[in-house]
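# Coordinates in review
Spelled out from the first residue to the last, the chains are:
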Amino acid sequence: MRRFLFLLLFSVPVLVSGQVVNYAKTLPERAFSVGITPAYHIDNNVILFDAGGASFALNGGYGLQYSIDLNARYVYFMNGTDYIGVDMQYLLHEARQSYFSVIAGLHKWDQFGFDLTGLYTYAPRYFFNFSVGLDIDVSFASEMNPRFWIPVNVGLNINELMFVYAEYNLPVSERSWDIVALGVNFVIR
């Protein structure tokens, strides 16, 4: 119940989340992460979308507690306005081979906005995992601009020091677009 109240109190005023690098496990306490994610945004003539094409993201994170981490992200778009955002991830449930977490955050990309993501990760082996979830992104332009994706992520955890992944974000709403990404995050303890 405390976890739910914390999540509710955090989500209502902030209501934000992550965009690429969807993984439900949080960073260990007092650990840092740094990563790079090249991605390709497939422009399907989406309304209000001018940044189709390649992008490069730089990610950084810090484990505040076992179940909470803080992340920052800068994304350089080859064909559009750069993205900068911060988010907090909360691990709601952890079992032997699965995790469920919620990510909420704020971003600036043309306009200010918020993200909210729910993620489930299944790890059949410790070094291999599969994640799926729902990502909601709302930008406050002249009219509210909501977008929805289903992120699907396959990752490889190498010695708890490096996380290599491939991700596809399936567009769910008419204002969304396809995103394909490959990346690596390094964990520094």
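Residues numbered from 1 in each chain as written. Predicted model: local features only at pLDDT ≥ 70, side-chain atom pairs only at ≥ 80, totals over all residues. Heavy atoms only, no water.

## Some words on the sheet that holds strand β1 (residues 32-42)
The cut-off we apply is this: Strand pairing is assigned whenever DSSP detects at least two bridges linking the two strands. Secondary structure counts use DSSP, requiring at least four H or I residues in a row for a helix and at least two E residues in a row for a strand, with both numbered from the N terminus. In this description, a line fitted to the C-alpha atoms serves as the axis of each element, helices being fitted only across the stretch in contact, and the angle between N-to-C directions of two axes falls anywhere from 0 to 180 degrees.
Pairing within the closed barrel is antiparallel, and its ten strands lie in the order β1-β2-β3-β4-β5-β6-β7-β8-β9-β10. Taken over all neighbouring pairs, the strand axes of this sheet differ in orientation by 20 degrees on average, direction set aside. With eleven bridges connecting them, strand β7 (residues 128-140) and strand β8 (residues 144-158) associate as antiparallel partners. By the bridge assignment, I136 is partnered in β8 with F148.

## Observations regarding the nonpolar core
The following threshold applies: Think of a nonpolar core as a cluster: buried Ala, Val, Leu, Ile, Met, Phe, Trp, Tyr and Cys residues, connected wherever their side-chain atoms sit within 4.5 Å. When a residue's accessible area, from a 1.4 Å probe over protein chains only, is under 20% of the maximum for its type it is buried; when over 50% it is exposed; and in between it is partly exposed.
With ten residues, the main nonpolar core is built from A39, A57, V75, F77, Y83, W109, W149, W177, I179 and A181. Every element with two or more residues in this core is listed here: β3 (68-77) and β10 (178-188).

## Details of the packing of aromatic side chains
As a reminder, the rule being used: Each Phe, Tyr or Trp ring, with Trp reduced to its six-membered ring, pairs with another whose centre is within 6.5 Å; inter-plane angles below 30 degrees give stacked pairs, above 60 give edge-to-face pairs, and intermediate values give tilted ones.
Taken as a whole and judged by the stated rule, the model has seven aromatic pairs. Relative to F140, the ring of F114 has its centre 5.7 Å away and its plane inclined at 45 degrees; by these criteria the two rings are tilted. Residue F114 is located in strand β6 (residues 111-125), and its partner F140 is located in strand β7; the two are separated by 26 residues in the primary sequence. F140 gets classed as partly exposed once you look at its relative accessible area, which sits at 39%. Between the aromatic rings of W149 and W177, the centroid separation amounts to 5.2 Å while the plane-to-plane angle is 85 degrees, which identifies the pairing as edge-to-face.

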